[in-house]
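Architecture at a glance
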Amino acid sequence: SIAEMDRAAVALRRGGQYVSTSNFGIFETSAASVPRQGCEFKAIVPTVSAEDLDILVNMVSVGKLNVNIDQVVPFTEARHALHECVVGQCRGKVVLCHCGAGASGAHGGA
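In this report, we go over the structure that sits alongside the text. (Residues numbered from 1 in each chain as written. Predicted model: local features only at pLDDT ≥ 70, side-chain atom pairs only at ≥ 80, totals over all residues. Heavy atoms only, no water.)

Two elements, strand β3 (residues 69–74) and strand β4 (residues 93–97), share 5 bridges in a ladder whose sense is parallel. Within β4, the position partnered with proline 74 by the bridge is cysteine 97. Once the chain exits β3 it traverses helix α3 (residues 78–86) before rejoining the sheet at β4, and the crossover so formed is right-handed. (Pairing = 2+ DSSP bridges. Helix = DSSP H or I, 4+ residues; strand = E, 2+ residues; numbered from the N terminus. Right-handed = clockwise from strand over helix to strand, strands pointing away.)

Mapped onto the elements, glutamine 71 comes out in strand β3. Within polar-contact distance, the side chain of glutamine 71 engages the side chain of aspartate 70 at 3.2 Å. In this structure the side chain of glutamine 71 is engaged in a polar contact, spanning 2.8 Å, whose partner is the side chain of glutamate 84. (Polar contact = N/O pair within 3.5 Å; in protein donor to acceptor, adjacent residues only side chain to side chain.)

Bringing the state of the cysteines into the picture now. The final tally for this structure, using the stated rule, is 1 disulfide. A disulfide bridge connects cysteine 85 with cysteine 90, and the sulfur atoms are separated by 2.5 Å. As the torsion about the S-S bond is roughly -85°, the cysteine 85-cysteine 90 disulfide counts as left-handed. Cysteine 90 sits in the buried class, given a relative accessible area of 18%. (Disulfide = S-S within 2.5 Å. Buried < 20%, exposed > 50% of the residue type's maximum accessible area, 1.4 Å probe, protein only.)

Residues of helix α1 (residues 2–11) that are buried: Met5, Ala8 and Ala9. Down the axis of α1, the sector holding all buried residues measures 105°, keeping them to one side. Exposed residues lying more than 90 degrees from the buried face of α1 are Arg7, Val10 and Ala11. Taken together, the buried residues of α1 touch β1 (17–20) and β2 (40–43). (Arc of directions from axis to C-beta. Contact = heavy atoms within 4.5 Å.)

Right under this line is the structure:
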């Protein structure tokens, strides 16, 4: 968001770079193109291979990578889950599943 970019500009050194792996659309708005404290803002789209995902799954399974899951919700509730994250209600990852309603509830975890 623009507010997020403004907060980052205060924390960055002059000429610093802010790179986002989300919020791609914000960088296309005119408000995002306004210079902030001499900092550069850009977004990247990460690419992930099946091998990369296998490595991550293995790291989680052996305890080398801890993933904080805030909630598991049915895909049909994706819009509501996204809204909760946007307004700052999520404290971890939200997992969408093809499961029954209320799989673990808000902030329930898995």
